[in-house]
Amino acid sequence: MFLDGQWVQAVSGDVFSVTNPATGEVIGEMPDGGAADTTAAIAAASAAFGSWSTTTAYERSAILYKAWQLMVERSEDLANLMTLEQGKPLKASRFEVSYAADFLQWFAEEAKRVTGEWLPSARANQRFLSIKQPVGVVGAITPWNYPISMLTRKMGPALAAGCTMVLKPAEATPLCAKAVFDVFVDAGIPAGVINMVTTSTPAPVGEVLTSDPRVAKLTFTGSTAVGKMLAGAAAANLQRVSVELGGHAPFIVYPDADPVHAAKGAAALKFLNSGQACISPNRLYVHRSVAEPFIETLTARVAKVKAGSGFDDGVGVGPLVNDAAVAKVANQVDDARAKGAEVPVGGERLETGDYANGHFYAPTLITGVTTDMLISHEETFGPVAPVMVYDEVDEVIELANATNYGLAAYVYTRDISTAFKAFEALRFGIIGINDVNPTSAAAPFGGMGDSGLGREGGHEGIDEYLETKLGGFAI
Ligand code: NAP
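First, a word on scope: everything that follows refers to the structure included in this document. Fair warning: this is a prediction, and the values are worked out from it, not measured in the lab.

1. Focus: the overall build of the protein chain
- Within the protein chain one finds 14 helices and 26 strands.
- Reported as C-alpha extents along the three principal axes, the dimensions of the protein chain are approximately 70 × 60 × 40 Å.
- The proportion of buried residues among the 475 residues of the protein chain is 55%.
- Sequence separation of at least 24 residues holds for 73% of the intrachain contacts in the protein chain that already meet a minimum separation of 6.
- For the protein chain, the accessible surface area stands at approximately 18900 Å², while carbon and sulfur atoms represent 54% of it.
- Computing the positive centroid from 35 side-chain charges and the negative centroid from 52, the protein chain places the two 6 Å apart.

Take a look at the structure:
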C-alpha cells in the first residue's frame, strides 16, 4: 500500500494473492488493508492538503505532464502487466494505456483553466468575485475492468484541482494500480498527496472513506448496487459524490442504416474487454427490413472471434474476471434458450484444454430475444450479443429507454433527422451515432438514472473536484 509517500505493509501484516484470470496462476501479492490503514491514509491525505492545494496550477500541471510522459514511455510494460492481471488482449491493453495517459495530459491542461467570475451587484458600493477551490480530501474506489484508465480518469482531475486522495483499487487488479502510483511517484508527486489502500475485504475501507469527516468527496466506479450503498453512506456525512455505475446499452439499427456496417460495428464493440464494459451494447434492436443481412454479417463476425489468453495472436476475447462472472453469463444464455431464443454461435463455457484453469465463455450470438428474458434487462458483462428484431420505428426509442440504466446508447441511421431525434430522445448520457467509440478524455463521460451521478473527463471532469466560493466586497 502507499501511505504518506512510502510503500508499506498492512497494519495487520496480512496479504492477499493476485491471479492471472486466463490461467489461475498466482502473479503477485498485495497487503490486505482495513479500517486502520484507511484512517492512516486519510490522515496523510489530510495533512498534505494544505500544501498541495496552495501549489500553483502550473506546478500541478507540470507533475501531471511528467506523469503523462512516463505513462507513455512505460506503455508497453503497463500493457503487458494489464493483460497478465486483467486478461484483455494485448492490443486492447495498449489502447487502454493510451486512453489512460490522455486523462493525465488533458487535466494537466485543464488545471490551468480553473477560473472565477467577476459578478455585477445591484449595490454601487459592492463587488462580487467567485473563485473555485479544491474540495479537499477525495476517497476513490475503482473497478477491475479498466484497471489503469479508471484511476487516471479520477486522479487527473482531482490532482489538477488541488485535491489529495486515498484510492482503493479493485481486489482483482492492484498490481496495475501500483504501477500507476509508481508513475506518479517518479513524476515527483509530494508525499501524502496520493495514498492507496489495497484490500480483499472492501466494506470496512468503504465505511471509513464515507464516514471520516476529513473526506470531502467520494468518487466511485463500479456496480450500481455498491455505488448506491456507498452514495447513501456518503450522504449521511454530506460528502460530495460522483458515481459511475452499470449500464444496459441499446444499439438501434434503423431501416435506412447500412446493416453490414452496423453489424461490423456491433461485433467490434460487443466483444471489447470480453463484453465487460459499462458501455457495452446489451440489446441490439434491428429493424425487420434489415435484420437478415445484419444477422448474417454478425453471425460470421462472432464465429471468427477467438477466445484465449490475451497474449496469444489473433485472440479477440480474453477471460472473464472470475467464475461468478462466467456463471452469470451462462445463466442469462440458458434463460434465453429456455424462453425460446436461438443461439447460432457460442452459448457455452470454455472449460477444457488451454481454457481449463481460466474463466472463459464462448463469444456468443443470441437471436429471437424477447423482453421477458433476463438478458433484456440485467447487465450481462460478458461476450454475448443479443439481437431483437423490431417492426415499429416509432416504438423503438421507447423500447430502448425502458431501463433504469442510462449510460450509453448507439444508433445506426443514414438519415440526419432520425439521428437528431434519437440523439435528443434517448435517455442516456452518451450516444454513439454510427459510432462505436463515443469516448475521449476531452468528452464528458457519465450516466443518468441507475448509471450514476456526475461526469468524468471533458471540462466537466474537474468541476467535480471544485467548490465555488463567493466574495462580496464593499468598497
Ligand atoms: P463492484 O463490485 O461494485 O466493485 C467496484 C469497486 O468497489 C471495487 O474496488 C470493489 O472492491 C469495491 N467494493 C465492492 N464492495 C464494496 C463495499 N461494500 N464497500 C466499498 N467498496 C466496495 O463492481 P465491479 O464488478 O468490480 O465492476 C463492474 C461494474 O462497474 C459494472 O456494473 C460496470 O458497468 C461498472 N463500471 C462502470 C463504469 C462507468 O464509468 N460507468 C466503468 C467501468 C465499470 P473489490 O474489488 O474488492 O470487490
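2. Some thoughts on the pairing of strand E10 (residues 215-221)
- Burial analysis of E10 places 6 of its 7 residues in the buried class, the great majority of the element.
- Bridging between E10 and strand E11 (residues 240-244) involves 5 bridges; their strand directions are parallel. For Lys-217, the partnering residue across the bridge sits in E11 and is Arg-240.
- Since E10 and E11 lie parallel, the crossover through helix H8 (residues 224-236) that links them has a hand, and here it is right-handed.

3. Topic: a negative patch on the surface
- A grouping of Glu-392, Asp-394, Glu-395 and Glu-398 is seen on the molecular surface, where their side chains present a negatively charged patch.
- Following the sequence through the fold, Glu-395 ends up in the loop between strand E20 (384-390) and helix H12 (396-401).
- Judged by its relative accessible area of 45%, Glu-395 falls in the partly exposed class.

4. Topic: the environment of Ala-41
- As for its placement among the helices and strands, Ala-41 is situated in helix H1 (residues 35-53).
- On the basis of relative accessible area, Ala-41 is assigned to the buried category, the value being 0%.
- On a C-alpha basis, the gap between Ala-41 and Val-260 in space is 53 Å, while along the polypeptide they are 219 residues apart.
- The residues touching Ala-41, leaving out its near neighbours within four places in the chain, are Leu-3, Val-166, Asn-195 and Val-197.

5. Focus on the sheet that holds strand E6 (residues 126-134)
- Taken together, the 3 strands give an open sheet; going across it, the order is E5-E6-E26, and neighbouring strands pair in antiparallel fashion. Sheet topology places strand E5 (117-119) and strand E26 (466-474) at the edges, where each strand pairs with a single neighbour. Across the sheet, the axes of successive neighbouring strands diverge by a mean angle of 25°, strand direction being ignored.
- Here E5 pairs with E6 via 3 bridges, running antiparallel. Within E6, the position partnered with Glu-117 by the bridge is Ser-130.

6. As for the nonpolar core
- Within the largest apolar cluster, 91 residues are counted, with the highest numbers of intra-cluster contacts made by Leu-159, Phe-184, Phe-294 and Leu-298.
- For this core, the leading source of residues is helix H4 (residues 90-110), giving 10 residues.
- Residue-level mapping places this core at the junction of two domains, with at least three residues from each of domain 1 (2-245 + 451-474) and domain 2 (249-440).
- With residues near it in sequence (within four places) discarded, Leu-298 still touches Ala-263, Ala-266, Ala-267, Leu-284, Leu-365 and Val-387.
- Within the second largest apolar cluster, 33 residues are counted, among which are Ile-252, Met-373, Leu-426 and Phe-428.

7. Here's the deal with the site of the ligand
- As a matter of local geometry, the ligand sits amid 29 residues, with Thr-142, Trp-144, Arg-153, Ser-223 and Glu-379 nearest to it.
- Measuring from an oxygen atom of the ligand, one finds a side-chain N or O atom of Lys-168 at 3.1 Å.
- One of the backbone N or O atoms of Gly-222 is found 3.1 Å from an oxygen atom in the ligand.
- Protein contact buries 87% of the 900 Å² of open area that the ligand shows by itself.
- Elements supplying a minimum of two residues to the shell around the ligand: helix H5 (149-161), helix H7 (202-211), E10 and H8.
- Looking at the shell around the ligand residue by residue, the class counts come to 17 nonpolar, 7 polar and 5 charged.
- In terms of domain composition, the shell around the ligand takes at least three residues from each of domain 1 (2-245 + 451-474) and domain 2 (249-440).

8. Description of the pattern of salt bridges
- By the definition in use, this model includes 14 salt bridges.
- Asp-391 is paired through a salt bridge with Arg-288; the nearest N and O atoms lie 2.6 Å apart. In this pair, Asp-391 is assigned in the loop between E20 and H12 and Arg-288 in helix H10 (residues 288-304), connecting sequence segments 103 residues apart.
- Assessed through its relative accessible area of 48%, Arg-288 is described here as partly exposed.
- Each of Arg-153, Lys-154 and Glu-456 takes part in salt bridges that share partners, so that together they form one network.

9. Describing unusual backbone geometry
- In this structure, Leu-238 takes a positive phi of about 50° despite not being glycine.
- Within the fold, Leu-238 resides in the loop between H8 and E11.
- When its relative accessible area of 78% is taken as the criterion, Leu-238 is described as exposed.
- Look at Phe-381: it is not a glycine, yet its phi comes out positive at around 55°.

10. Let's talk about the sheet that holds strand E12 (residues 249-253)
- Read from one edge of the open sheet, 7 strands run E16-E19-E20-E13-E12-E22-E23, paired in mixed fashion. Looking at the sheet topology across the chains shown, the edges are occupied by strand E16 (342-345) and strand E23 (430-433). Looking at each pair of strands side by side, their axes are set apart by 20° on average, direction ignored.
- As paired strands, strand E19 (residues 364-367) and E20 are joined by 3 bridges and run parallel to one another.

11. Let's talk about helix H11 (residues 323-338)
- For H11, spanning 16 residues, the distance from its first C-alpha to its last is 22 Å, which sits close to the expected 22 Å at 1.5 Å a residue.
- Among the residues making up H11, those that are buried are Ala-325, Val-326, Val-329, Ala-330, Gln-332, Val-333, Asp-335 and Ala-336.
- On its buried side, H11 packs onto E16, strand E17 (349-350), strand E18 (360-361), E19 and E20.
- Two or three places before Ala-324, at the opening of H11, Asn-322 has a side-chain oxygen 3.2 Å from that residue's backbone nitrogen.
- Count one or two residues on from H11 and you reach Gly-340, which has phi positive near 105°.

About the cut-offs
Residues numbered from 1 in each chain as written. Predicted model: local features only at pLDDT ≥ 70, side-chain atom pairs only at ≥ 80, totals over all residues. Heavy atoms only, no water. Helix = DSSP H or I, 4+ residues; strand = E, 2+ residues; numbered from the N terminus. Buried < 20%, exposed > 50% of the residue type's maximum accessible area, 1.4 Å probe, protein only. Contact = heavy atoms within 4.5 Å. Areas by Shrake-Rupley, 256 points an atom, 1.4 Å probe, with all protein chains shown as cover. Lys, Arg positive; Asp, Glu negative; His and termini not counted. Charge placed at Lys NZ, Arg CZ, Asp CG, Glu CD. Pairing = 2+ DSSP bridges. Right-handed = clockwise from strand over helix to strand, strands pointing away. Patch = residues over 30% accessible without salt bridge, like charges linked within 9 Å, V, L, I, M, F, W, Y side chains within 5 Å. Salt bridge = Lys/Arg side-chain N within 4 Å of Asp/Glu carboxyl O. Axes fitted to C-alpha atoms, helices over the stretch in contact; angles between N-to-C directions. Core = buried A, V, L, I, M, F, W, Y, C linked by side-chain atoms within 4.5 Å. Domains from an automatic or database assignment. Near = heavy atom within 4 Å. Polar contact = N/O pair within 3.5 Å; in protein donor to acceptor, adjacent residues only side chain to side chain. Nonpolar A, V, L, I, M, F, W, Y, C, P; charged D, E, K, R; others polar. Expected span 1.5 Å × (residues − 1).

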